[in-house]
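Examination of the molecular architecture
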Amino acid sequence: MKKMLPMMGLMATVACTDGIPVGTRPLNELQKHEVREDLDRIQAETEYIQDLLVKADPLFNIHGETTDSNEELAEGLGILRDDLEYFYENDHFVLAGSLQELQGWAAKSKVGKDAIITDNYIILQPDNETHSGMRSYGTTIYMHEAAHSYYDTDVREHNSIQERVESGKWESIDQYVLETNDVSYLMSTLYMIDGYTGSKKLSDEGYTRLFKDMQADPEGNYDGEKLEEMYKFVYEYSERSQEQYMEEFMREWFGPPSEGRSINMWDYYGYLGLTREELQETLYDHPELQESKRETAYWILDGLEEIYPSEVAEIKQEIRAERELREPEMARPGARR
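Since this is a predicted model, take the numbers as computed values, not measurements.

Bringing the packing of helix 10 (residues 224-238) against helix 15 (residues 309-326) into the picture now. Two elements in contact, helix 10 and helix 15, have axes separated by 10 Å at closest approach and are oriented at 55°. In terms of their interaxial angle, helix 10 and helix 15 are classed as oblique. For the crossing formed where helix 10 meets helix 15, the hand is right-handed. Together, Leu227, Glu228, Tyr231, Lys232, Tyr235 and Glu236 of helix 10 and Glu311, Val312, Ile315, Lys316, Glu318, Ile319, Glu322, Arg323 and Arg326 of helix 15 make up the contact between the two elements. Tallied by class, the residues present in the contact of helix 10 with helix 15 amount to 6 nonpolar, no polar and 9 charged.

On average, residues of the protein chain score 81 in pLDDT, and 80% of them reach the 70 mark or higher. Put simply, strand 1 (residues 12-15) is where the protein chain has its lowest mean pLDDT, 54, and helix 10 is where it has its highest, 95. With pLDDT under 50 throughout, residues 1-10 is counted as low confidence; its partners more than four residues away or in other chains account for 37 contacts. Counting interchain partners and residues more than four positions distant, the pLDDT-below-50 stretch residues 104-110 has 24 contacts.

What follows covers the pairing of strand 3 (residues 93-96). Pairing of strand 2 (residues 24-26) with strand 3 involves 3 bridges; the strand directions are antiparallel. Across the sheet, proline 26 pairs through a bridge with valine 94, a residue of strand 3. One ladder, built from 3 bridges, connects strand 3 with strand 4 (residues 120-124); its direction is parallel. Directly across from phenylalanine 93, in strand 4, lies its bridge partner isoleucine 122.

Turning next to empty space enclosed by the protein. Summary: where empty space remains is shown by rolling a probe the size of a single water molecule over the atoms. Overall, the coordinates contain 2 cavities of 30 Å³ or more when judged by the stated rule. Lining the second largest cavity are Leu27, Lys32, Tyr88, Asp91 and Phe93. Here the residues of the lining of the second largest cavity sort into 3 nonpolar, no polar and 2 charged.

Further remarks concern the packing of aromatic side chains. The way to describe two aromatic rings as a pair is by their centre distance and the angle between their planes. Under the defined criterion, the tally for this structure stands at 10 aromatic pairs. Between tyrosine 48 and tyrosine 269 the ring centres are 6.1 Å apart and the planes differ by 85°, which places this aromatic pair in the edge-to-face class. Within this pair, whereas tyrosine 48 is found in helix 1 (residues 29-55), its partner tyrosine 269 is found in helix 12 (residues 265-269), the two being separated by 221 residues in sequence. Judged on exposure class, the residue tyrosine 48 and its partner tyrosine 269 are both buried. Each member of the aromatic cluster is reached from another via a ring pair, and the members are Tyr86, Phe87, Phe93 and Tyr142. Note that lysine 32 overlies the ring of tyrosine 88, its terminal NZ or CZ placed 5.2 Å from the centroid.

Among the nonpolar cores identified, the biggest contains 61 residues, and Tyr48, Leu84, Phe93, Met187, Met265 and Tyr269 are the most heavily contacted of them. With residues near it in sequence (within four places) discarded, methionine 265 still touches Tyr48, Ile193, Tyr196, Phe249, Trp253, Phe254, Leu279 and Leu283.

What follows deals with the pattern of salt bridges. Following the criterion strictly, the structure yields 18 salt bridges and no others. As a salt-bridge pair, arginine 36 and glutamate 85 come within 2.6 Å of each other at their nearest N and O atoms. Highlighted residues: arginine 36 in helix 1 and glutamate 85 in helix 2 (residues 71-89), separated in sequence by 49 residues. What makes glutamate 85 partly exposed here is its relative accessible area of 25%. Note that arginine 209 and aspartate 213 form a salt bridge whose closest N and O atoms lie 3.7 Å from each other. Taken together, the positions of arginine 209 and aspartate 213, both in helix 9 (residues 207-216) and 4 residues apart, correspond to about one turn of that helix.

Reading the values: rules and limits
- Residues numbered from 1 in each chain as written.
- Predicted model: local features only at pLDDT ≥ 70, side-chain atom pairs only at ≥ 80, totals over all residues.
- Heavy atoms only, no water.
- Axes fitted to C-alpha atoms, helices over the stretch in contact; angles between N-to-C directions.
- Helix = DSSP H or I, 4+ residues; strand = E, 2+ residues; numbered from the N terminus.
- Parallel < 35°, antiparallel > 145°, perpendicular 65-115°, else oblique.
- Left-handed = near helix turned anticlockwise from the far one by under 90°.
- Contact = heavy atoms within 4.5 Å.
- Nonpolar A, V, L, I, M, F, W, Y, C, P; charged D, E, K, R; others polar.
- pLDDT = per-residue confidence, 0-100.
- Pairing = 2+ DSSP bridges.
- 1 Å grid on protein atoms, 1.4 Å probe; cavity = no way out; pocket = protein on both sides within 12 Å on 5 of 7 lines; lining within 4 Å.
- Points joined across faces, edges and corners; volume = space filled by probe spheres on them.
- Phe/Tyr/Trp six-rings, centres within 6.5 Å; stacked < 30°, edge-to-face > 60°.
- Buried < 20%, exposed > 50% of the residue type's maximum accessible area, 1.4 Å probe, protein only.
- Lys NZ or Arg CZ within 6 Å of the ring centre and 35° of its normal.
- Core = buried A, V, L, I, M, F, W, Y, C linked by side-chain atoms within 4.5 Å.
- Salt bridge = Lys/Arg side-chain N within 4 Å of Asp/Glu carboxyl O.

What follows is the structure, given as structure tokens:
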């Protein structure tokens, strides 16, 4: 089965000895906040992946050197994570001046094995359609870009991997990674867990999109009935336990092939030499990954309260009244509000 590749070219990492790259600008506070949220997820995801690598077949380290175990690779993930923290703390995440400046593949970057990490910048893509004015990212792309500082790669091979997979030179991105020791694309695969965080349920119900629409145009997209329905649904969802979120995750993303899923967790991790049982056990050992579902709910609830304060105050009063009828002694355990 051919795998869909992450959208490279959204970011480019470049070596720059003269300060901020020409044609870019520093991130504003909202954009920095979004990057901070992405980097925070890397911590939990890295711990999960390191545990996964203990059970996986030996691969290679972050220099692309074949090793007898994944111990060096697991340590290397921490190095990449620390580099990203350095970039953030020293304002080395910047925004491109236009979309045209970042067309093409991220491997157009100038970094390599001998790059000086203090001179590297990660350039993000502007997007006027988003609330922050910056393209939304995920941990796969951050780790992919960070890896470019530590190994030499055939730029032509790396740039054209998508078309080479599609043309049949490699059966899949997995085969390419195993045959070339391309560390950046290994990161793209290992951190694919990021694509399964957040709340698929809130997205499938249409509430994530509806909230974004309201956020973009509060007056034009206001609908009292939809607002009440959404707030109450998301509020109830926010009170689930970690175990309930994990059960939801396993049901949605880890079913057997016979259930006809076009994408599930096994598609991205099976090539590492793991059994389905080993992958499932590792996921259950990291329920904190599913806290992002609750965080998605909080993001919507807090956002709605900011956009429609008086309307949300009335809805919250209704929720409290309904609770008192059902639970006269006390609110449900774990309630946030």
